[in-house]
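What follows is each chain in one-letter form.
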Amino acid sequence: MRIDIITVLPELIKSPFEHSILKRAYDKGLVEVNLIDLREYGVGKHRQVDDYAFGGGAGMVMMIEPIANCINELKSKRTYDDIIYMTPDGETLNQKICNQLSLQKNLMVLCGHYKGVDQRLRDHFITREISIGDYVLSGGEIAAAAMCDAVIRLIPGVLNDETSALTDSFQDNLLAPPVYTRPAEYNGWGIPEILLSGHLQNIEKWRYEQSVERTKKRRPDLLK
Ligand code: 6GU
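Let me sum up the structure you'll find in this document. (Residues numbered from 1 in each chain as written. Predicted model: local features only at pLDDT ≥ 70, side-chain atom pairs only at ≥ 80, totals over all residues. Heavy atoms only, no water.)

As for the site of the ligand
Operational definition: Proximity is defined per residue: any heavy atom of the residue falling within 4 Å of a molecule or strand makes that residue near it. Identification of polar contacts relies on pairs of N or O atoms within 3.5 Å, with a donor-acceptor requirement for protein atoms, meaning one able to donate a hydrogen and the other able to accept it, and with residues adjacent in sequence counted only if both atoms are side-chain atoms. Per-residue accessibility takes into account occlusion by the displayed protein chains alone, with areas from the Shrake-Rupley method and a 1.4 Å probe.
With respect to spatial proximity, 13 residues lie near the ligand, and among them Thr87, Ile132, Gly133, Tyr135 and Leu137 are the closest. Between a nitrogen atom of the ligand and a side-chain N or O atom of Ser131, the distance comes to 3.3 Å. Within the backbone of Leu137, a nitrogen or oxygen atom sits 3.0 Å from a nitrogen atom of the ligand. Its free accessible area being 290 Å², the ligand has 96% of it covered by the protein chains.

Encoded structure:
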């Protein structure tokens with residue numbers, strides 16, 4: 001998979017892709033993330049990328065020209081499965097959307113800033129608008145990084161048995177069960193006896209029941 005991220009702050013998103021599972025995905029040749037500095041497409045000697053909103057009101061709007069030029073240049077080189085705009089008024093990201101996106105070949109991600117981008121970009125270039133939850137971030141970068149992390153780890157071959165996504169929370173609309181590691185007793189606090197039994201079938205059954213119990217208690221909406 002190739003992900004091209006358009007941003008005015010490439011430095012802000014760089015680091016998550018240089019560590020842990022995302023780095024390993026890149027090292028294995030399973031993903032390539034490209035950060036494109038929108039400033040390079042800015043207008044005039046100040047490389048302007050935003051301007052006042054028509055009709056007035058507080059806050060700047062990201063201009064159509066730099067972003068359209070940038071998107072068109074990228075589109076001239078390859079076909080994109082989706083051109084995603086990160087915005088708090090987009091559809092809320094969930095595991096199902098992440099699973100869908102993880103099967104794509106080429107993704108383009110546009111990070112919004114200030115009061116957002118000129119609506120004509122959304123009308124004519126963007127194929128999908130995504131939010132990461134009902135709260136407002138200063139810009140789309142951290143949202144893009146969160147989405148890309150959630151997507152990249154699902155690309156076939158990125159995770160191994162130890163890190164398998166199959167046992168993640170949300171993968172089957174259930175939250176993950178509690179986990180424990182050594183020591184089996186700390187400060188007088190033990191662990192569920194069954195985990196020491198060595199009986200794999202019973203352990204799996206216990207974990208499933210714990211998942212259902214936890215989901216009922218914390219996220220009953222997931223069970224509907
Ligand atoms: Cl995608 N962008 C911004 N600025 N804030 C958000 C968001 C996106 N998703 C949740 N909050």
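A look at the packing of aromatic side chains
Two measures describe an aromatic ring pair: the distance that separates the ring centres and the angle between the ring planes. Stated formally: Put simply, two rings from Phe, Tyr or Trp (the six-membered ring, in Trp's case) pair if the centres are within 6.5 Å, and we call them stacked under 30 degrees between planes, edge-to-face over 60, tilted for the rest. We call a residue buried when its accessible area falls under 20% of the maximum for its residue type, exposed when it is over 50%, and partly exposed in between, using a 1.4 Å probe and counting protein chains only.
Using the criterion set out here, one finds one aromatic pair in the structure. Geometrically, the ring pair formed by Tyr186 and Trp189 is tilted, given 5.9 Å between the ring centres and 50° between the ring planes. Overall, Tyr186 belongs to the exposed group, its relative accessible area being 56%. On the basis of relative accessible area, Trp189 is assigned to the exposed category, the value being 56%.

Quick word on the pairing of strand E1 (residues 2-7)
Walk down a regular strand and you will see the side chains alternate between the two sheet faces. Convention followed: We count a stretch as a helix when DSSP gives it H or I for four or more residues in a row; a strand needs E for two or more, and each element gets its number in order from the N terminus. At least two bridges found by DSSP between two strands is the condition for calling them paired.
Counting buried residues along E1, six of its six residues qualify, which places the element largely inside the surrounding structure. Here E1 shows a buried face lined by Arg2, Asp4 and Ile6 and a second buried face lined by Ile3, Ile5 and Thr7. Sheet topology note: the E1/strand E2 (residues 32-37) ladder contains six bridges and is parallel. Looking across to E2, one finds that Arg2 is bridged to Glu32.

Quick word on the environment of Phe54
Relative to the assigned elements, Phe54 resides in the loop between strand E3 (50-52) and strand E4 (60-62). Owing to a relative accessible area of 85%, Phe54 belongs among the exposed residues under this scheme. Considering only alpha carbons, one finds Phe54 and Thr167, 113 residues apart in sequence, at a separation of 50 Å.

Quick word on the sheet that holds E2
This is how the line gets drawn: Orientation is described by axes fitted as lines to C-alpha atoms, over the contacting stretch for helices, and by angles from 0 to 180 degrees between their N-to-C directions.
Overall, parallel pairing links the five strands, which are arranged E2-E1-E6-E5-E7 in an open sheet. Two strands in the sheet have a free side with no partner beyond their single neighbour: E2 and strand E7 (128-131). Averaged over all pairs of adjacent strands, the angle between their axes in this sheet comes to 30°, without regard to strand direction.

Focus: helix H3 (residues 64-77)
Residues spaced three or four apart along an α-helix face the same direction, because each turn holds 3.6 residues. Where we set the bar: Here a helix's expected span is defined as the number of its residues, less one, multiplied by 1.5 Å. Whether two residues touch is decided by their heavy atoms; if any such pair falls within 4.5 Å, the residues are in contact.
Between its terminal C-alpha atoms H3 stretches 20 Å, which fits the 20 Å expected from 14 residues at 1.5 Å a residue. Every buried residue belonging to H3 is among Pro66, Ile67, Ala68, Cys70, Ile71 and Leu74, and all of these are buried. Buried residues along H3 sit against E1, E2, E4, strand E5 (82-92), strand E6 (106-111) and helix H5 (119-124).

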